[in-house]
Amino acid sequence: MITFDHVTKIYEGDVKAVDDVAFTVEKGDICVLLGPSGCGKTTLLRMVNRLESITEGEIRINGKSNRDLDTIELRRSIGYVIQSNGLFPNMTIEENVTVVPSLLGWDRKKKRERYHTLMELVGLDPAEYRKRYPHELSGGQQQRVGVARALAADPPVMLMDEPFGALDPITRERLQDEFIQIQREVKKTILFVSHDIDEAIKMGNKIVLMRDGKIMQHDTPSEILVHPKNEFVSRFVGKDRAIKNLSLHTVEDLQKEIGLGDINETIQDTKTVNIHQDLRNTLSTLMNQEAEQVIVTDDHGEKLGTVTIDHVQRYLHLEIREKAPVSTEG
Amino acid sequence: MTWFQEWIEFLNVNLPLIVDLTVEHVALVGLAILVAILIGVPLGIYLTTNEYLASTILQAASIMMTIPSIALFGVMIPLLSIINKGIGFVPAFIALVLYSQLPIIRNTYTAIKNVDPGVRDAAIGLGMKTVQRLFRVEIPNAMPVIMAGIRTAVVMNIGIGVIAAFIGAGGLGVMIVQGIVRTDQYLIVTGSIAVSLLAIIADVLLGSVQKWLTPKGLETNS
Ligand SMILES: Nc1ncnc2c1ncn2[C@@H]1O[C@H](COP(=O)(O)OP(=O)(O)OP(=O)(O)O)[C@@H](O)[C@H]1O
Ligand SMILES: [Mg+2]
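Residues numbered from 1 in each chain as written. Chains lettered and ligands numbered in written order. Predicted model: local features only at pLDDT ≥ 70, side-chain atom pairs only at ≥ 80, totals over all residues. Heavy atoms only, no water.

1. Section: the overall build of chain B
Point 1. The secondary structure content of chain B amounts to 8 helices and 0 strands.
Point 2. Mapped from its N terminus to its C terminus, chain B presents α and β elements in the order α-α-α-α-α-α-α-α.
Point 3. Relative to its 222 residues, chain B shows a buried fraction of 48%.
Point 4. Partitioning the intrachain contacts of chain B with sequence separation of at least 6 by distance along the chain shows that 76% fall at a separation of at least 24.
Point 5. Working note: accessible area of chain B is about 11200 Å², and carbon and sulfur atoms make up 71% of it.
Point 6. Taking the 11 positively charged and 11 negatively charged side chains of chain B as two groups, their mean positions are separated by 14 Å. (Helix = DSSP H or I, 4+ residues; strand = E, 2+ residues; numbered from the N terminus. Buried < 20%, exposed > 50% of the residue type's maximum accessible area, 1.4 Å probe, protein only. Contact = heavy atoms within 4.5 Å. Areas by Shrake-Rupley, 256 points an atom, 1.4 Å probe, with all protein chains shown as cover. Lys, Arg positive; Asp, Glu negative; His and termini not counted. Charge placed at Lys NZ, Arg CZ, Asp CG, Glu CD.)

Written as structure tokens, this is what we have:
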């Protein structure tokens, strides 16, 4: 658990980068710090492991102020991943991954075992990469190694500053998916910086939306999409927030609310989607095919019914138009 | 006898002298470089933490370089005469140490400064202490550039070491100086060739040392 207790950061020259920020990241959650460039996300993150000093207020990790802990120990107990991956060019992949265990004085055997576990966790072959160097890896592979390195000493808390920001969209999405899987296994308490609303919706249990160092809204992704607290939030979320919201719902949710359509056997060439597929992807499947319906199947491939664009529209209406307050935007 | 045959004859007779002078030359330059590294590398590293001092010292070292070596020796004679060391090994040694400072300090300073900020940030963020960061990350990554500076200093000093003969510090310069005084072309040619060969050999040797000290992961970038 990480608690920000009215934290303020003023840089030299009176730049107020973070302004009286208070919120808590629950144990095992991913909290995404979201906001436009320069709003203070990185500064807030770096105050947690004391890469930046705190001007006012306090940051507590599991109830203990990070000021009372030894800086070096504190940092070793927090996983840290940055956009430019920061792998050490002079070290092999194995040395990179086990750098914190080395600092902590683990023995060789324990480090080797940990290296294997971590590489498998992030989907890289341990033997193949052991003796390789960072520059021999692709951007996506380097970022995976960066994640493995941060997890090495099994820190309860992770700080991730736009970890997938420098990757191409396809690789980024794949790493996001993989990381969600990893998080299911490791259950870390994570502070995750992003300036991409889609990434925030996808990765976050909670989102802290910031502007000029202040919190604009601290909520679950769907609350932020459905009930933006103010003009800034709804503008940041974008006019297509209804569509974005679809990625938070699955075909199963739709089935529960309005039910599926009947299967019309005469229509040929219909694609199928899994019942757990999110509605955003389902909608694009629908729009990218000739037939106006897709067949919904369960995990065993059993056909359950069909979905049409009309279904999605009705569900959208129900979920967003009716649950959201009347929007003032045009 | 042709000129060339006579020269071979000359080499034959004077081989012990040539060897002695070469050893003297190598000792002078080697010792000066060793001391220069012990001063220059730590100083270059320290300067990365003190911007103000960095510009002052780098400027002073640049000015140092522009002073002709013969003038520097000239200045040192009266100064060191106070402790009765006006001529000989000591002033030559001090001059060579001073001349080596610019390439060594500047390259060390620049190389450490140029370590990728993301890499440095990660080192600090993962909990390395200052010394650990320096020895595990910054110095290894700066090594190729630091070594290049040392290489420059060595080659330069082998050349400047010739002038040291004028103030009685010995070395291969002795042959050239005496050759000029006695208008003996064999002495001049032999001395010059020996100095050039020494510089080339030192450069090649240091090139392999540089390669050996460069971390494998950096090889394609350097
Ligand atoms: N070391 C520093 N000294 C002075 N001002 C700084 C420093 N670091 C950041 N700032 C300022 O603090 C503010 C917040 O910066 P910060 O890097 O936290 O923003 P950010 O939200 O991470 O932005 P981005 O999305 O571009 O990474 C900015 O106005 C920035 O100029
Ligand atoms: Mg940032």
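2. Remarks on a nonpolar patch on the surface
All names here are of chain B.
Point 1. Residues Leu31, Leu34, Leu38 and Phe89 make up a contiguous nonpolar surface patch of about 410 Å² in total accessible area.
Point 2. Broken down by element, the nonpolar patch gets its largest block of residues, 3 residues, from helix 1 (residues 3-47).
Point 3. Tracing the chain through its elements places Leu38 in helix 1.
Point 4. A residue is classified by how much of its surface remains accessible, and Leu38, at 63% relative accessible area, is exposed. (Patch = residues over 30% accessible without salt bridge, like charges linked within 9 Å, V, L, I, M, F, W, Y side chains within 5 Å. Salt bridge = Lys/Arg side-chain N within 4 Å of Asp/Glu carboxyl O.)

3. Some points on the UniProt feature "transmembrane region" (unreviewed entry) in chain B
Point 1. As annotated in UniProt, the feature "transmembrane region" (unreviewed entry) corresponds to residues 26-48, 60-80, 86-105, 153-180 and 186-206 of chain B in the numbering used here.
Point 2. The span residues 186-206 of chain B is 100% helix and 0% strand, and its two end C-alpha atoms sit 30 Å from each other. (UniProt positions renumbered as here; feature names shortened; annotations may be inferred.)

4. As for helix 3 (residues 69-81) of chain B
Residue and element names in this part refer to chain B.
Point 1. With 13 residues, helix 3 should cover 18 Å at 1.5 Å per step; its first-to-last C-alpha distance of 18 Å lies within 8% of that length.
Point 2. Within helix 3 the residues assigned to the buried category are Ser69, Leu72, Phe73, Met76 and Leu80. The arc enclosing the buried residues of helix 3, seen along the axis, measures out at 95°, which places them on a common side.
Point 3. As for helix 3, its buried residues are in contact with helix 2 (51-66), helix 4 (89-113) and helix 6 (130-163). (Expected span 1.5 Å × (residues − 1). Arc of directions from axis to C-beta.)

5. Overview of the UniProt feature "domain: ABC transporter" (unreviewed entry) in chain A
Point 1. Sequence positions flagged by UniProt for "domain: ABC transporter" (unreviewed entry) are, in local numbering, residues 2-237 of chain A.
Point 2. Counted over residues 2-237 of chain A, helix gives 39% and strand 26%. Its end C-alpha atoms are 26 Å apart.

6. Looking at the state of the cysteines
Residue and element names in this part refer to chain A.
Point 1. If you walk through the whole model with that rule in mind, you get 0 disulfides over all chains.
Point 2. With no disulfide of its own, Cys31 lies 13 Å from the sulfur of Cys39, the closest cysteine sulfur.
Point 3. Cys31 sits in the buried class, given a relative accessible area of 1%. (Disulfide = S-S within 2.5 Å.)

7. A word on the site of ligand 1
Residues and elements named next belong to chain A.
Point 1. Around ligand 1, the neighbouring residues are Tyr11, Ala17, Ser37, Gly38, Cys39, Gly40, Lys41, Thr42, Thr43 and Glu162.
Point 2. One nitrogen or oxygen atom from the side chain of Tyr11 is found 3.3 Å from a nitrogen atom belonging to ligand 1.
Point 3. Between ligand 1 and the protein, one listed contact pairs an oxygen atom with a side-chain N or O atom of Lys41 at 2.8 Å.
Point 4. Calculation on ligand 1 without its partners gives an accessible area of 640 Å², and the protein chains cover 60% of this total.
Point 5. No other element matches helix 1 (residues 41-48), which puts 3 residues into the shell around ligand 1.
Point 6. Tallied by class, the residues present in the shell around ligand 1 amount to 3 nonpolar, 5 polar and 2 charged. (Near = heavy atom within 4 Å. Polar contact = N/O pair within 3.5 Å; in protein donor to acceptor, adjacent residues only side chain to side chain. Nonpolar A, V, L, I, M, F, W, Y, C, P; charged D, E, K, R; others polar.)

8. Some words on the sheet that holds strand 8 (residues 189-194) of chain A
Residues and elements named next belong to chain A.
Point 1. The strand order across the open sheet formed by 6 strands is 6-7-8-3-9-10, and the pairing between neighbours is mixed. Edge positions in the sheet fall to strand 6 (78-82) and strand 10 (214-219), since each has one partner strand and no second. Each neighbouring strand pair of the sheet contributes to a mean axis angle of 15°, computed without reference to strand direction.
Point 2. Bridging between strand 3 (residues 30-34) and strand 8 involves 5 bridges; their strand directions are parallel. By the bridge assignment for strand 8, Cys31 is matched with Leu191.
Point 3. This element, helix 7 (residues 139-151), spans strand 6 and strand 7 (157-161) of the sheet and lies at about 165° to strand 6. (Pairing = 2+ DSSP bridges. Axes fitted to C-alpha atoms, helices over the stretch in contact; angles between N-to-C directions.)

9. Notes on helix 14 (residues 279-287) of chain A
Residues and elements named next belong to chain A.
Point 1. Among the residues of helix 14, Leu279, Thr282, Leu283, Thr285 and Leu286 are the ones counted as buried. Along the axis of helix 14, the buried residues cluster in a sector spanning 160°; they form a single face.
Point 2. By the N-cap criterion, in which a side-chain oxygen at the helix start approaches the backbone nitrogen of a residue two or three places on, helix 14 is capped by Asp278, the distance to Arg280 being 2.9 Å.

10. Details of the UniProt feature "domain: ABC transmembrane type-1" (unreviewed entry) in chain B
Point 1. Per the UniProt record, "domain: ABC transmembrane type-1" (unreviewed entry) is annotated on residues 22-206 of chain B.
Point 2. Helix makes up 83% of residues 22-206 of chain B and strand 0%. Its end C-alpha atoms lie 18 Å apart.

11. Structural notes on the interface of chain A and chain B
Point 1. In this assembly, 22 residues from chain A lie in contact with 21 residues from chain B.
Point 2. Across the chain A/chain B interface, buried area totals approximately 1900 Å², and carbon plus sulfur atoms make up 64% of it.
Point 3. When the area that chain A buries against chain B is broken down by residue, the three leading residues are Phe88, Asn90 and Leu103 of chain A, summing to 27%.
Point 4. Between Asp121 of chain B and Arg46 of chain A there is a salt bridge, with the nearest N and O atoms lying 2.7 Å from each other.
Point 5. One can count 7 residue pairs in polar contact (both at pLDDT 80 or more) joining chain A with chain B.
Point 6. Those elements giving two or more residues to the side of chain A that touches chain B turn out to be helix 2 (71-76), strand 6 and helix 4 (99-103) of chain A.
Point 7. A per-element tally of the side of chain A that touches chain B places helix 4 of chain A first, with 4 residues. (Buried area = accessible area lost by both parts, 1.4 Å probe.)

12. Examining the pairing of strand 9 (residues 206-211) of chain A
Residue and element names in this part refer to chain A.
Point 1. Pairing of strand 3 with strand 9 involves 4 bridges; the strand directions are parallel. In the sheet register, Leu33 faces strand 9, and the bridge partner there is Val208.
Point 2. In this structure, strand 9 lies alongside strand 10, joined through 5 bridges in antiparallel fashion. Pairing of Arg211 across the sheet is with Lys214, part of strand 10.

13. Concerning the sheet that holds strand 4 (residues 56-61) of chain A
Residue and element names in this part refer to chain A.
Point 1. Taken together, 4 strands build an open sheet; the order of strands is 2-1-4-5 and the sheet is antiparallel. What marks the edges here is a single partner per strand, and that holds for strand 2 (15-25) and strand 5 (64-65).
Point 2. As defined by bridge partners, strand 4 adjoins strand 5 across 2 bridges and the pair is classed as antiparallel. Bridge pairing in strand 5 links Ile61 to Lys64.
Point 3. Packing of helix 1 onto the sheet brings it into contact with strand 1 (2-11), strand 2 and strand 4, and relative to strand 1 it is tilted by some 120°.

14. A closer look at the side chain of Lys188 of chain A
Point 1. Mapped onto the elements of the fold, Lys188 of chain A is located in the loop between helix 8 (169-186) and strand 8.
Point 2. A distance of 3.0 Å separates a polar side-chain atom of Lys188 of chain A from the backbone oxygen of Pro155 of chain A.

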